[in-house]
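Residue-level structure breakdown
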Amino acid sequence: MDRIVLEVDDISAKNWRKASAEKKDYLSNTINRIIKKAFDEKEDDFWEFLDRVGKKAQENGLTEEQLNKLLNED
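Here goes a summary of the coordinates provided. (Residues numbered from 1 in each chain as written. Predicted model: local features only at pLDDT ≥ 70, side-chain atom pairs only at ≥ 80, totals over all residues. Heavy atoms only, no water.)

1. Some remarks on the overall build of the protein
- The secondary structure content of the protein amounts to 4 helices and 0 strands.
- Counted from the first residue to the last, the protein has its helices and strands arranged as α-α-α-α.
- Oriented by its inertia axes, the alpha-carbon framework of the protein measures out at about 35 × 35 × 20 Å.
- Counting over 74 residues, the protein shows a buried share of 11%.
- As presented, the protein carries roughly 6900 Å² of accessible surface, and 53% of it is formed by carbon and sulfur atoms.
- Taking the average place of the 14 positive charges on the side chains of the protein and the average place of its 18 negative ones, the gap between the two points comes to 5 Å. (Helix = DSSP H or I, 4+ residues; strand = E, 2+ residues; numbered from the N terminus. Buried < 20%, exposed > 50% of the residue type's maximum accessible area, 1.4 Å probe, protein only. Areas by Shrake-Rupley, 256 points an atom, 1.4 Å probe, with all protein chains shown as cover. Lys, Arg positive; Asp, Glu negative; His and termini not counted. Charge placed at Lys NZ, Arg CZ, Asp CG, Glu CD.)

2. Here's the deal with helix α3 (residues 46–59)
- Here α3 is 14 residues long and its end C-alpha atoms lie 20 Å apart, about the 20 Å a rise of 1.5 Å per residue gives.
- Trailing α3 by a residue or two, G61 shows a phi angle of about 95°, which is positive. (Expected span 1.5 Å × (residues − 1).)

3. Comments concerning the packing of helix α2 (residues 21–40) against α3
- Close contact between α2 and α3 brings their axes to 9 Å; oriented N to C, the two are set at 125°. Judged by the inter-axis angle, α2 sits oblique to α3. Of the two elements, α2 crosses α3, and the hand of that crossing is right-handed. Contacts between α2 and α3 involve I34, K37 and A38 from the former and F46, F49 and L50 from the latter.
- Here the contact of α2 with α3 is built from residues that sort into 5 nonpolar, no polar and 1 charged. (Axes fitted to C-alpha atoms, helices over the stretch in contact; angles between N-to-C directions. Parallel < 35°, antiparallel > 145°, perpendicular 65-115°, else oblique. Left-handed = near helix turned anticlockwise from the far one by under 90°. Contact = heavy atoms within 4.5 Å. Nonpolar A, V, L, I, M, F, W, Y, C, P; charged D, E, K, R; others polar.)

4. Thoughts on the side chain of K23
- Its location among the elements puts K23 in helix α2.
- Excluding anything up to four places from it in sequence, K23 contacts L70 and E73.

5. As for the layout of surface pockets
- What the largest pocket holds in volume is close to 2000 Å³.
- Every residue lining the largest pocket is counted, 44 residues in all, and those nearest its centre are L6, V8, L27, I31 and L71.
- Contributing elements (two or more residues each) for the lining of the largest pocket: α1 (10–18), α2, α3 and α4 (64–72).
- For the lining of the largest pocket, the element with the most residues is α2, which contributes 11 residues.
- Taken together, the residues of the lining of the largest pocket break down into 22 nonpolar, 11 polar and 11 charged. (1 Å grid on protein atoms, 1.4 Å probe; cavity = no way out; pocket = protein on both sides within 12 Å on 5 of 7 lines; lining within 4 Å. Points joined across faces, edges and corners; volume = space filled by probe spheres on them.)

Right under this line is the structure:
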């Protein structure tokens, strides 16, 4: 494994520092899969990929409020 630095807002950083090891592992693995998928899809721009993921999440009923709740869980 290698490390990278991602900039996030203050609330996300605070929540990360408070999160359990299990939560950090889960989020790290999820972010890793997103980044890997973004670079595997050579024809797509990373931001287009994220837009598609966001639209798909909305189509499946995920709201911004629900996402924030998930990200802020301990």
